[in-house]
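Overview (structure and organization)
Below are the chains, spelled out letter by letter.
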Amino acid sequence: MGFKRFISIFSGQVTHNLKNNNINRRFASNYKAAVLNNLNEPLVIEELKQIKLKRGQVRIKVHACSINSSDYLLTQGSNPGNLPLPIVPGYEVSGLVLETQDCMEIAKGDKVVALSKSTLGGFAEECIVDEKDVWMLPGGLEYKQAAALPDSFGTALLGLVHRGHLSEKQTVLVTMAAAHGFAALDLAANVYKAKVIAVCMSDEETSNLRERGAWMATSFSEKEILHDVKELTKDVGLNVIYDTLGGEVLHTCMKCISHEGHIVIAGHTLSELPRVRISELLALPCFSLSGVSLTSYRKHDFAVYRKAVDDALDMKEQGLISPIINATFPLQEVNKAMELIKEKQPLGKIVLEIV
């Protein structure tokens, strides 16, 4: 697949090859999982009993599961899905299919990557996922890398390309929070050859961001950002802003957008959106502002949702993108991993290796 394929990345349609799968026999009836029983308390490793699959579901033997910031926020009481406790966190998994129930595309023995945002369950030796949220693992892609890929890079494709209309050699600003910011940097700089300004919250991170493709990397300073963008773009402004931070950072970045540029809010921001007076807004160049999430596209435009992750996996297989994995932990050390998310808020992924 050539580079031009990605310039029109969302022009294709998702196709489904139908094939019949019979119900496969289940094996062990129990499995270990990290369970959240009460908010603001450590997860507990417990042995759970298998439940019977429903139609269209897949049982996956989990080899790896990413820990995302939303998993930590869930333990602190942020629960957008209103899922009842006790619950097993984790939604970005890779592994081997153990069993299917009336599935059309997935079969026992397939190596897969999956997103289970509606039910979670990834911090476990096995989890159940809707077939609609399962993708075949490309050959040669290891489980850890696969588990670190679909959410952040799929979201970056939706935000930068589908909503931000990014094209080659444009100028992009990315605010860096967790893996979502890095995925946008990697995609914009290394696939679209854009000039990327990476804005982070610590001077310690800037050298790493330059090594990963940022044309300029800086810790947040309103004065410096306004000056640098004006100089870089010759006072024209930025084509695309991909924001994962919000608050005053976004308020400053809004002042840097070009006429008919695109500002995209992605992932879980660290703070609320800035308050902007109407008079201030109308004094800026005309621009579009949109929020983007895989969950929303799954609900409202399923074909684009599937295509985003499909293309992220294709790009990884071709060596065009590469997620950063900061650390890996066994399931038994899940609380140590969650503490690292809380304290460091790393730009890359933290991954549980289950098997």
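Structure shown above.
Here, residues in each chain are numbered from 1, in the same order as that chain's written sequence. A pLDDT threshold of at least 70 governs which residues receive local features in this predicted model, and a stricter bar of 80 or more applies before side-chain atom pairs are shown or counted, although totals over entire chains, interfaces and linings include all residues. The basis for every side-chain value is the complete set of heavy atoms in the structure, and neither hydrogens nor water enter the calculation.

Looking only at helices and strands, one finds twelve helices and 15 strands in the chain. Per-residue accessibility, obtained with a 1.4 Å probe over protein chains only, is compared with the maximum for each type, and a residue is labelled buried under 20%, exposed over 50%, and partly exposed between these values. The burial tally for the chain puts 53% of its 355 residues in the buried class. Contact between two residues is taken to exist if any of their heavy atoms lie within 4.5 Å; hydrogens are not considered. Of the contacts formed within the chain by residues at least 6 apart in sequence, a portion of 73% connects residues at least 24 apart. Using a 1.4 Å probe, the Shrake-Rupley method yields the accessible areas, and only the shown protein chains count as cover for residues. As presented, the chain carries roughly 16,600 Å² of accessible surface, and 49% of it is formed by carbon and sulfur atoms. Counting from the N terminus, the helices are the DSSP runs of H or I reaching at least four residues and the strands are the DSSP runs of E reaching at least two.

Turning our attention to the sheet that holds strand β8 (residues 171-175). Adjacent strands of a sheet pair through backbone hydrogen bonds, lying either parallel or antiparallel. Pairing between strands requires that DSSP locate at least two bridges from one strand to the other. One open sheet holds the six strands; their spatial order is β10-β9-β8-β11-β12-β13, and the pairing between them is parallel. The outermost strands of the open sheet, each flanked by one partner alone, are β10 (216-219) and β13 (287-292). Across the sheet, the mean angle from the axis of one strand to that of its neighbour is 15°, orientation sign disregarded. With three bridges connecting them, β8 and strand β11 (residues 238-243) associate as parallel partners. Each bridged residue has a counterpart across the sheet, and for Val-172 the counterpart in β11 is Val-240. Axes, fitted as lines to C-alpha atoms, cover a helix only where it is in contact. Angles between the N-to-C directions of the axes lie from 0 to 180 degrees. In the packing of helix α7 (residues 222-232) onto the sheet, contacts are made with β8, β9 (195-200), β10 and β11, and the angle to β9 comes to roughly 180°.

Before going further, it helps to spend a moment on the pairing of strand β12 (residues 257-266). The element β12 is extensively covered by neighbouring structure, given that eight of its ten residues are classed as buried. Relative to β12, β11 is paired through five bridges, and the arrangement is parallel. Residue Asp-243 lies in a different strand from β12, and its bridge partner there is Ile-265. Whether a crossover is right-handed comes down to one check: with the strands pointing away from the viewer, does the path from the first strand over the helix to the second run clockwise; if it does, it is right-handed. The parallel pair β11 and β12, bridged by helix α8 (residues 247-254), forms a crossover whose chirality is right-handed. Sheet topology note: the β12/β13 ladder contains six bridges and is parallel. Directly across from Gly-261, in β13, lies its bridge partner Phe-287.

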